[in-house]
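An overview of the molecular structure
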Amino acid sequence: MSARWTIQERTTPNPTKLAEDVRQGLSQSPVSIPPKWFYDEKGSQLFDEITELAEYYPTRTEQAILEQHADELPAVDTLVELGAGYSRKTRLLLESLTRGGRALHFVPLDVSAEPLLDAALRITADFPTVTVTGVVADFDDELAPLPGTPGTRMVAFLGSTIGNLTPAPRRAFLQRLHRATDPGDWFLLGADLVKDPERLVRAYDDARGVTAAFNKNVIEVLARELDANLTADDFDHVARYDTELERIEMRLRARRAMTVNLKGLDLAWHLAEGEEILTETSAKFRVEGLRSELGDAGFEVVTTWTDPAGDFSLTLSKRL
Ligand SMILES: C[S@@+](CC[C@H](N)C(=O)[O-])C[C@H]1O[C@@H](n2cnc3c(N)ncnc32)[C@H](O)[C@@H]1O
């Protein structure tokens, strides 16, 4: 039997792209590094660990919403998943979409290749009617062409990864998604909702320090990929909620002053003691706000499901 999975490499994360992002981030205040650089193999594994933490309610809440409503989703020929990671929760969608022996083309897309390969192997082993095309790509780039035509298609974007995009990049992302999809395609979006700031901060600053290790992993990525004299131990993990912007910010605070030589960039970066690097923003949404952002980008909301406590949302919309 031929293998039912393939992996396409569109844009693999590379030191040149990282150097460009760091150069741009150094001109901002605070200095910022896009969160996609967390996710080398170790970072992807650490995020997977985060999803099981008691404090990290988003994964199990989204999972519970999927368990309750997956069977209400429309049948499709292709399921594309953006920022798929290990596609663990997605198995609920696969179960529902393949019920009765229906064939499905599953297209997980992620910057990180290792989880895609892991998912492709497990899913083809467990779902005999699923064919997997993993795509190593950056969703900050143009998304078209997305595999899955002709036929009916759904794009899933789970885990509130959309919250890592600030409003203007989020608008641009939704426009790219609109360009890459066809009228009648479905879009299933998982998004975390505004709630008690203390709970939010705990979710990003767990007692065991797994999120701290995940955050600091970007320092190891910089040191390795840009040949930089940086050590994760020289930074403290910081998680804060900005009540005005309604977003969590993860930062790394320098424990001492340092001059960092970024050989890949041929420049010296002076960091003061206490200076912070912004490594991730995670927007928290309101259901009406999501509806209007989706509507502005040409996606008509059909249903929004939330858990009983209103912690997390899953929105099904149709591409107009
Ligand atoms: C917050 S995790 C969510 C993982 C999984 N979907 C879930 O719901 O648990 C974000 C995922 O998006 C991927 N990712 C982050 N930035 C990306 C980008 N610019 N392009 C493609 N994938 C990206 C990461 O590698 C990671 O797998």
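All values reported here derive from a predicted model rather than from experimental measurement.

The rules we used
Residues numbered from 1 in each chain as written. Predicted model: local features only at pLDDT ≥ 70, side-chain atom pairs only at ≥ 80, totals over all residues. Helix = DSSP H or I, 4+ residues; strand = E, 2+ residues; numbered from the N terminus. Rg over C-alpha atoms; globule rule 2.2 N^0.38 Å. Buried ≥ 20, exposed ≤ 12 C-beta atoms within 10 Å, placed from the backbone. Core = buried A, V, L, I, M, F, W, Y, C linked by C-beta atoms within 7 Å. Domains from an automatic or database assignment. Near = placed C-beta within 6 Å. Pairing = 2+ DSSP bridges. Axes fitted to C-alpha atoms, helices over the stretch in contact; angles between N-to-C directions. Contact = placed C-beta atoms within 7 Å. Nonpolar A, V, L, I, M, F, W, Y, C, P; charged D, E, K, R; others polar. Parallel < 35°, antiparallel > 145°, perpendicular 65-115°, else oblique. Left-handed = near helix turned anticlockwise from the far one by under 90°. Expected span 1.5 Å × (residues − 1). Arc of directions from axis to C-beta. Right-handed = clockwise from strand over helix to strand, strands pointing away.

As for the overall build of the protein
Helix and strand content of the protein: nine helices and 14 strands. Relative to a compact globule of 320 residues, whose C-alpha radius of gyration would be 20 Å, the protein shows 20 Å and is just as compact. Taken across its 320 residues, the protein has 42% of its residues classed as buried.

A closer look at the nonpolar core
Residues Leu79, Leu93, Phe106, Leu109, Val155, Ala156 and Leu188 are the most contacted members of the largest nonpolar core, which totals 76 residues. Domain assignment of the residues forming this core places at least three in each of domain 1 (15–49 + 197–283) and domain 2 (56–195 + 285–319).

Thoughts on the site of the ligand
Every one of the 19 residues lining the ligand counts as a neighbour, but Lys36, Tyr39, Gly83, Gly85 and Gly159 are closest to it. The residues that make up the shell around the ligand include at least three from each of domain 1 (15–49 + 197–283) and domain 2 (56–195 + 285–319).

Here we look at the sheet that holds strand β5 (residues 130–136)
On the basis of which strands lie adjacent, the open sheet formed by eight strands has the order β1-β5-β4-β3-β6-β7-β14-β13 and mixed pairing. Strand pairing shows two members of the sheet lacking a second neighbour, β1 (5–9) and β13 (299–306), which therefore form its edges. With strand direction ignored, the average angle separating the axes of adjacent strands in the sheet is 20°. Sitting on the sheet, helix α9 (residues 287–296) touches β7 (186–192), β13 and β14 (312–319), and the angle it makes with β13 is about 155°.

Some remarks on the domain arrangement of the protein
Each assigned domain of the protein is listed here: domain 1 (15–49 + 197–283) and domain 2 (56–195 + 285–319). Here the C-alpha centre of domain 2 lies 26 Å away from the C-alpha centre of domain 1. Domain 1 puts 16 residues into the contact, and the matching count from domain 2 is 16 residues. Elements supplying a minimum of two residues to the side of domain 1 that touches domain 2: α2 (41–50), α7 (197–203) and β12 (276–283). A breakdown of the residues in the side of domain 1 that touches domain 2 according to their chemical character gives six nonpolar, three polar and seven charged.

Looking at the sheet that holds strand β8 (residues 235–242)
Paired through backbone hydrogen bonds, the strands of a sheet run either parallel or antiparallel to each other. The four strands lie next to each other as β2-β12-β9-β8, forming an open sheet whose pairing is mixed. The outermost strands of the open sheet, each flanked by one partner alone, are β2 (31–32) and β8. Note that strand β9 (residues 247–254) and β12 share seven bridges and pair antiparallel. Across the sheet, arginine 251 pairs through a bridge with leucine 278, a residue of β12.

With respect to the packing of α2 against helix α8 (residues 210–225)
A pair of packed helices is captured by two measures, namely the crossing angle of their axes and the spacing between those axes. The contact between α2 and α8 brings their axes to 9 Å, and the two run at 160°. With respect to their mutual orientation, α2 and α8 come out roughly antiparallel. Helix-helix and strand crossings are classified by hand; for α2 and α8 the assignment is left-handed. Only Val210, Thr211, Ala213, Phe214 and Asn217 of α8 make contact with α2, whose side of the interface consists of Lys42, Gly43, Leu46, Phe47, Glu49 and Ile50. Across the contact of α2 with α8, the residue classes tally to six nonpolar, three polar and two charged.

Remarks on helix α5 (residues 113–126)
Three or four residues apart is the spacing at which side chains of an α-helix point the same way, because the helix has 3.6 residues per turn. If you check α5, its first and last C-alpha atoms are 20 Å apart, about what 14 residues at 1.5 Å a residue would give, namely 20 Å. Taken together, the buried positions of α5 are Pro115, Leu116, Ala119, Ala120 and Ile123. Looking straight down α5, one finds its buried side chains confined to an arc of 135°; they lie on one side. Where α5 is buried, its residues contact β1, α2, α4 (90–97), β4 (104–110) and β5.

Looking at the pairing of β5
Within β5, six of the seven residues are buried, which leaves the element mostly enclosed by the surrounding structure. As paired elements, β1 and β5 share five bridges and run parallel to each other. Looking at the pairing, isoleucine 7 lines up with glycine 134 of β5. Regarding the hand of the β-α-β motif, the stretch spanning β4, α5 and β5 is right-handed.

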